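Coordinate analysis (summary)
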Amino acid sequence: MQKLYFITGSQDLYGEETLRQVAEDTKKMTAFLDEKLRDVVNIVWQPTVLNSEGIVEVCRRASNDEECVGVITWMHTFSPAKMWIKGLQLLTKPLLHLHTQVNEKLPYDAIDMDFMNLNQAAHGDREYAFICARLGIKREVVVGYYQHEDVIAKIRQFAEVAKAIAFSKELKVGMFGSNMREVAVTDGDRVESQIRYGWEVNYYGIGDLAELAGQVTEEETDAKMAAYEAEYDMNTDNLAAVREQAKYEVALERFVAEHGIGAFTDTFQDLHGFSQLPGLAVQRMMAKGFGFAAEGDYKTAALNAVLFEMAKHRKGATGFMEDYTYDLTPGSELVLAAHMLEVSPVFADNKPKVEVHPLGIGGKNPPARLVFDGTQGDAVAVCMTDMGDRFRLVAAEIELVKQPQPMPNLPVARVMWKLKPDFKTGAAAWLYAGGGHHTVVSTALTMEDLRLFAKLTDTELVVIDEETKLDELQRQLGI
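On a predicted model such as this, the values are computed, not experimentally measured, just so you know. (Residues numbered from 1 in each chain as written. Predicted model: local features only at pLDDT ≥ 70, side-chain atom pairs only at ≥ 80, totals over all residues. Heavy atoms only, no water.)

Focus: the sheet that holds strand E13 (residues 353-356)
To keep things clear, this is the line we draw: Strands are labelled as partners when DSSP assigns at least two bridges between them. Under the DSSP-based scheme used, a helix requires at least four consecutive residues in state H or I and a strand at least two consecutive residues in state E, with every element numbered from the N terminus.
Ordered by their spatial adjacency, three strands build an open sheet running E8-E13-E14, and the pairing between neighbours is mixed. The two strands at the open ends of the sheet, each matched to only one other strand, are strand E8 (233-234) and strand E14 (368-371). Relative to E14, E13 runs antiparallel, the two being bridged by four bridges. Pairing of Glu355 across the sheet is with Arg369, part of E14.

Set out below in structure tokens:
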């Protein structure tokens, strides 16, 4: 189980009785938070730190502990902040500064100087916060009584984002083929993304995957077909095409397992050895939590995997999407999002159908795919772009809606949404920010999750929401 270290600051001037009380209090606090959050992460008590040596030791231990995804710090008493400098400089895990206290209410009738000396987080946390600011540490600050539900919710959010960052640092991305020729926004600096986020992005020949697909047995294919028939409506007589996708799925499962891959890309321009573009197979891989993006867009594939990991303890759908076309009816404008094949069935609002249709691009046989209408609800759409000297996240709050009319001749899965604050402002803001056509859409995550992820990874974030004004956004972007 992954964990957060709970580190309490004090000093050695208060005497043993006070320090015993600090330890007793923090053990109770840690046990309470661990009980509330153990479905996501364990909160692990650490001995009170009293000096620079103790802080260096615990920060070094947190950084080297593979199960530790982050650190919570709190100053029960006053803790001189110069002794935190060396330890904080060594810390490599995300940091949450919890500004709380043991007691919810002041004991007005009984309060004395002993109480003041023991319970002075209002004092000690300001000293500690200064040194964090002076060191330029990207951190989350949570304020309030530790037993209150809103405080617990903020710590939970931090834990989920911290776990996603830990996942990101270990993520391997496989590119079956390279970036789609001549396309700019899907390209990027793979070395810099490994430095920044930990993503190991490597090229693999599509022929290697095709060779694996050719080794899939009839029995393995039959097992996949049985799963398809149990989960979906089989709306095609071309079962040979569906069986081909079943082989692709088995091959993908083997390949990613062998190479430790958590996200992958392909491109219709590089399908040597394949008779179809992988469709149904990729859709199902995404539903299992593997990141994916088309046309060699490794950044979106990796972001897809990371955000899926962030959202896995929540209800809702998270997956790869692409803006395709619009309904421009005045006052009722909508975005139709889909892809040639690859929309995850986690977005399905009805039972998906397995269908086989010509693709019209790529020069291969008609591929099998899942077709369905999309779910509804509040969501975020986010893309990552490489701006040359930095990565930029462009994130928009959107509302997924039911499609106004049937689309009987559109043989792909699709999702429709409204832009905020309105269509023209939302679309123009996305364009001004250089947002791409590939996105990760999530009904499970919120803009606050994305803000926290961006802050803790030191990534530029452009937000488009109900408050967006184009003149202010352009000033922010310097254009």
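As for the packing of aromatic side chains
For clarity, the threshold we go by: The criterion for an aromatic pair is that two Phe, Tyr or Trp rings (for Trp, the six-membered ring) have centres within 6.5 Å, with stacked assigned to planes under 30 degrees apart, edge-to-face to planes over 60 apart and tilted to the rest. Exposure is judged per residue with a 1.4 Å probe applied to protein chains only, and the accessible area is read against the type maximum: over 50% gives exposed, under 20% gives buried, and values in between give partly exposed. We count a charge as sitting over a ring when the NZ of a lysine or the CZ of an arginine lies within 6 Å of the ring centre and within 35 degrees of the ring normal.
Overall, the coordinates contain 14 aromatic pairs when judged by the stated rule. When the ring of Tyr228 is compared with that of Tyr232, the centres are 6.4 Å apart and the planes differ by 40°; the resulting orientation is tilted. There is no split in this pair, since Tyr228 and Tyr232 are both buried. Through a chain of ring-to-ring contacts, the aromatic side chains of Phe176, Tyr204, Phe255, Phe264, Phe292 and Phe320 assemble into a single cluster. Residue placement shows Lys27 over the ring face of Trp45; its charged tip is 4.7 Å from the ring centre. Directly above the ring of Tyr298 sits Lys299, whose terminal nitrogen or CZ lies 5.7 Å from the centroid.

Regarding unusual backbone geometry
For the peptide bond that leads from Lys420 to Pro421, omega is 0°, which places it in the cis range. Non-glycine residue Glu182 carries a positive phi angle of around 75°. Secondary-structure assignment places Glu182 in the loop between strand E6 (172-176) and helix H7 (190-197). Residue Glu182 is classed as exposed on the basis of its relative accessible area, which comes to 82%. For Glu295, which is not glycine, the phi torsion reads 55° and is therefore positive.

Regarding the pattern of salt bridges
Our working definition: A carboxyl oxygen of Asp or Glu within 4 Å of a side-chain nitrogen of Lys or Arg is what we treat as a salt bridge.
All chains considered together, the criterion is met by 32 salt bridges. A salt bridge links Lys154 to Glu140; the nearest nitrogen and oxygen atoms lie 3.8 Å apart. Of this pair, Lys154 sits in helix H6 (residues 149-169) while Glu140 sits in strand E5 (residues 139-143), and the two are 14 residues apart along the sequence. We note a salt bridge from Lys288 to Glu249, for which the minimum N-O separation is 2.8 Å. Of the two residues, Lys288 sits in the loop between helix H11 (280-287) and strand E10 (291-293) while Glu249 sits in helix H10 (residues 239-259), which places them 39 residues apart along the sequence. Since its relative accessible area comes to 40%, Lys288 is described here as partly exposed. Residues joined in a network through salt bridges with shared partners are Lys224, Glu231, Glu249, Glu253, Arg284 and Lys288.

Some points on the layout of surface pockets
Note the threshold: Here a cavity denotes grid points, spaced 1 Å and computed from the protein atoms alone, that fit a 1.4 Å probe unable to get out, and a pocket denotes an open set having protein on both sides within 12 Å along at least 5 of 7 lines; residues with an atom within 4 Å of a point are the lining. Grid points are joined across faces, edges and corners, and a volume is the space filled by probe spheres set on the points. All amino acids are sorted into three groups, where Ala, Val, Leu, Ile, Met, Phe, Trp, Tyr, Cys and Pro are nonpolar, Asp, Glu, Lys and Arg are charged, and the leftover types, Gly among them, are polar.
Roughly 410 Å³ of volume is contained in the largest pocket. Surrounding the largest pocket, 18 residues form its lining, Thr92, Lys138, Lys169, Leu456 and Thr457 being those nearest its centre. Among the elements of the structure, helix H3 (85-90), H6, H7 and helix H14 (447-456) are those that each provide at least two residues to the lining of the largest pocket. Looking at which element gives the most residues to the lining of the largest pocket, the answer is H6, with three residues. Partitioning the lining of the largest pocket into residue classes produces nine nonpolar, four polar and five charged. Here the second largest pocket defines a volume of roughly 270 Å³. Lining the second largest pocket are 19 residues, and of these Asp323, Tyr326, Leu419, Ala427 and Trp430 sit closest to its centre. Among the elements of the structure, strand E11 (318-327), strand E16 (391-401), strand E17 (415-419) and helix H13 (423-432) are those that each provide at least two residues to the lining of the second largest pocket.

Details of the sheet that holds E5
Operational definition: Here an axis means a line fitted to C-alpha atoms, over the contact stretch when the element is a helix, while the angle between two N-to-C directions is reported on a 0 to 180 degree scale.
Strand order in the open sheet formed by five strands is E2-E1-E3-E4-E5, and the pairing between neighbours is parallel. Two strands lie at the open edges of the sheet, namely strand E2 (42-45) and E5, each paired on one side alone. Strand-to-strand twist in this sheet, taken as the mean axis angle between neighbours without regard to direction, amounts to 25°. As paired strands, strand E1 (residues 3-9) and strand E3 (residues 68-75) are joined by seven bridges and run parallel to one another.

Thoughts on H10
Keep this limit in mind: Any helix carries an expected span of 1.5 Å times its number of residues minus one.
In a regular helix each residue adds 1.5 Å, so 21 residues correspond to 30 Å; H10 covers 30 Å between its end C-alpha atoms and thus fits that length. Turning to H10, its buried residues are Ala241, Val242, Gln245, Ala246, Tyr248, Glu249, Val250, Ala251, Leu252, Phe255 and Val256.

Some thoughts on the environment of Gly436
Take Gly436: it is sitting in the loop between H13 and strand E18 (438-442). Residue Gly436 is classed as buried on the basis of its relative accessible area, which comes to 10%. Along the sequence, Gly436 and Val380 sit 56 residues apart, while their C-alpha atoms lie 15 Å from each other.

Quick word on helix H12 (residues 298-310)
Compared with an ideal rise of 1.5 Å per residue, which puts 13 residues at 18 Å, H12 spans 18 Å between its outermost C-alpha atoms and is within 8% of the ideal. The buried fraction of H12 is high, at 12 of 13 residues.

Digging into the packing of H13 against helix H15 (residues 470-477)
We apply this condition: When an angle is under 35 degrees it counts as roughly parallel; over 145 it counts as roughly antiparallel; between 65 and 115 it counts as roughly perpendicular; any other value is oblique. Contacts: residue pairs with any heavy atoms within 4.5 Å of one another.
Axis separation between H13 and H15 bottoms out at 10 Å; the angle between their running directions is 10°. Considering the angle they form, H13 stands roughly parallel to H15. Side by side, H13 and H15 meet where Thr425, Ala428, Ala429 and Tyr432 of the first sit next to Leu470, Leu473, Gln474 and Leu477 of the second. Residue classes in the contact of H13 with H15 are distributed as six nonpolar, two polar and no charged.

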